[in-house]
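Residue-level structural notes
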Amino acid sequence: MQARNDAPACSLCGHAIPAAPFAREEDRFCCEACFLKQREQHDLQAERDRAYLALAEALVAALDAREQETGLHSQRVACHTQVLARRFTRDPQLLRQIYWGALLHDIGKVGIPDAVLLKQGPLTEDEWAVMRTHPEIGHRILVSASFMAEAAEIVLCHEERFDGTGYPRGLSGEAIPLATRLFAVIDTLDAMTSDRPYRKGLSFDAAKEEILHLAGTQFDPLAVEAFGAEEKTLREMVAMKCGMAPITMAAG
Ligand SMILES: [Fe+2]
């Protein structure tokens, strides 16, 4: 239906807006019915996102229970990866996928037998072969959920290395998703600065030195550059050792 000449047209349905425009955004008018419909869709999306996040956190909790971990590593790397990812995209849908992918990166370990996963001491070659299946197991767990498709790809690639020496497929360079290349830097930062039963966590500066040293081999120089640009923020976050609320949820 065409708008009357003397009344503004709804930018969504094209109907004439009889009274003052109900909503206006960037010089686009919208009628009340379309405004309410959009708000309802936004609320539904927000509700879905909350449910997906709760599901993802439940999966991480299941893995933590098996690994007898306290569980903050996954939350921290998910949030810290966002700091780098937001330098490259502001798309809330993509940022959500990156958050979930980083949060669930090791979820495939739920499929690794206790004798390997919980073994004290070094693994044998055969045990390493079993352990190295965890990215593919994680991908299989997530890929059937359509809303996790991009996150599943991050999970599949999270043990790949920029120089092609990683696994499971030995991908290199830009064949590895950018989000995963960013995650790799953050995962190392968190691992090095966290306490282990056998050693105290290293300083941020020690981790930084190692990350810079591995630019171009283990890590994408672009990801290391982003790390350098966000050093102040990351240094503060690492000092707090907290996961903070997911940035993606606020962005959406
Ligand atoms: Fe892993």
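In every chain, residue numbers begin from 1 and rise along the written sequence. Where local features are concerned, this predicted model is filtered to residues with pLDDT of at least 70; where side-chain atom pairs are given and counted, the filter is 80 or more; whole-chain, interface and lining totals use all residues. Excluding hydrogens and water, the side-chain figures rest on all heavy atoms present in the structure.

Turning our attention to empty space enclosed by the protein. Take a probe with the size of a water molecule and roll it over the atoms, and the empty space left behind shows itself. For cavity detection a 1 Å grid was placed over the protein atoms alone, and a set of points counts as a cavity when a 1.4 Å probe fits there but cannot get out; an open set counts as a pocket when protein lies on both sides within 12 Å along at least five of seven lines, with lining residues being those that have an atom within 4 Å of a point. Grid points are joined across faces, edges and corners, and a volume is the space filled by probe spheres set on the points. Applying the stated criterion across every chain yields a total of 1 cavity of 30 Å³ or more. In this structure, the largest cavity encloses a volume near 50 Å³. Surrounding the largest cavity, Glu160, Arg161, Phe162, Ile176, Thr180, Arg181, Ala184, Gln218, Phe219 and Asp220 form its lining. Looking at the lining of the largest cavity, its residues break down into 4 nonpolar, 2 polar and 4 charged. Three residue categories are used. Nonpolar comprises Ala, Val, Leu, Ile, Met, Phe, Trp, Tyr, Cys and Pro, charged comprises Asp, Glu, Lys and Arg, and polar comprises the others, including Gly.

All right, on to the environment of Ala149 then. Strands here are runs of E lasting at least two residues and helices are runs of H or I lasting at least four, both read from the DSSP assignment and numbered beginning at the N terminus. By secondary structure assignment, the location of Ala149 is in helix α7 (residues 149–157). Under the scheme applied here, a residue whose accessible area is under 20% of the maximum for its type counts as buried, over 50% as exposed, and between as partly exposed, the area being computed with a 1.4 Å probe on protein chains only. Residue classification places Ala149 among the partly exposed residues on the basis of a relative accessible area of 39%. Between the alpha carbons of Ala149 and Gly101 there is a distance of 9.4 Å; along the sequence they are 48 residues apart.

This next bit is on the pattern of salt bridges. A side-chain nitrogen of Lys or Arg and a carboxyl oxygen of Asp or Glu constitute a salt bridge if their distance falls within 4 Å. A full pass over the atoms with the stated rule returns 13 salt bridges. Two residues, Arg181 and Asp220, come together in a salt bridge whose shortest N-O distance is 2.6 Å. On the criterion of sequence distance, the pair formed by Arg181 in helix α8 (residues 178–193) and Asp220 in the loop between α9 (204–213) and α10 (221–229) is long-range, its members being 39 residues apart. On the accessibility criterion, Arg181 (10% relative accessible area) is buried. Residues Glu231 and Lys208 are paired through a salt bridge, measuring 3.1 Å at the closest nitrogen-oxygen approach. Here Glu231 is found in helix α11 (residues 231–240), whereas its partner Lys208 is found in helix α9, with 23 residues between them in sequence. Taken together, the salt bridges that share partners define one network made up of Asp205, Lys208, Glu231 and Arg235.

Among the secondary structure elements, Ser74 is positioned in helix α2 (residues 72–85). Under the relative-accessibility criterion, Ser74 is labelled buried at 9%. The contacts of Ser74, once residues within four sequence positions are left out, are Val60, Ala102, Leu103 and His105. Residue contacts are counted whenever heavy atoms from the two residues lie within 4.5 Å of one another.

When α10 is considered as a whole, its buried residues turn out to be Ala223, Val224, Ala226 and Phe227. Viewed along the axis of α10, the buried residues span an arc of 155°, placing them on a single side of the element. At its buried positions, α10 is contacted by α2, α8, α9 and α11. For α10, the capping residue at the N-terminal end is Asp220, with a side-chain oxygen 2.9 Å from the backbone nitrogen of Leu222. The directions considered for the arc are those from the helix axis to the C-beta atoms. Between N or O atoms, a polar contact is any pair within 3.5 Å; within protein, one atom must be a potential hydrogen donor and the other a potential acceptor, and residues adjacent in sequence are included only when both atoms are from side chains.

Residue Pro168 follows Tyr167 across a cis peptide bond; omega there is 10°. In this fold, Pro168 is placed in the loop between α7 and α8.

Before going further, it helps to spend a moment on the packing of helix α6 (residues 134–143) against α7. Comment: axis = line fitted to C-alpha atoms, over the contacting stretch for helices; angle = value between 0 and 180 degrees taken between N-to-C directions. α7 packs onto α6 with a crossing angle of 170° between their chain directions and a minimal axis gap of 7 Å. Considered as vectors, α6 and α7 are oriented roughly antiparallel to each other. Across from Pro135, Glu136, Gly138, His139, Leu142 and Val143 in α6, the residues of α7 making contact are Ala152, Glu153, Val155 and Leu156. Of the residues belonging to the contact of α6 with α7, the class tally is 6 nonpolar, 2 polar and 2 charged. Should an angle fall under 35 degrees it is called roughly parallel, over 145 degrees roughly antiparallel, and 65 to 115 degrees roughly perpendicular, with every other angle called oblique.

A separate point is the packing of aromatic side chains. Two aromatic rings from Phe, Tyr or Trp, using only the six-membered ring of Trp, form a pair when their centres are within 6.5 Å; if the ring planes differ by under 30 degrees the pair is stacked, by over 60 it is edge-to-face, and anything between is tilted. With the rule as written, the count across this model stands at 4 aromatic pairs. Centroid distance Phe204 to Phe227: 5.9 Å. Interplanar angle 15°. Geometry classified as stacked. Taken together, the residues span a long stretch of sequence, with Phe204 in helix α9 and Phe227 in helix α10 at a distance of 23 residues. Here the two residues Phe204 and Phe227 agree in accessibility, since each one is buried.

Quick look at the nonpolar core now. The biggest cluster of nonpolar side chains holds 45 residues, and the ones touching the most others in it are Trp100, Leu104, Leu189 and Leu234. The set of elements that each furnish at least two residues to this core consists of α1 (32–67), α2, α3 (92–103), α7, α8, α9, α10 and α11. If sequence neighbours within four positions are ignored, Leu189 has contacts with Phe204, Ala207, Ile211, Phe227, Leu234 and Val238. Among buried residues, the Ala, Val, Leu, Ile, Met, Phe, Trp, Tyr and Cys ones that are joined through side-chain atoms within 4.5 Å form a nonpolar core. If you look at the next biggest cluster of nonpolar residues, it comprises 6 residues, including Val116, Leu123, Met131 and Ile137.

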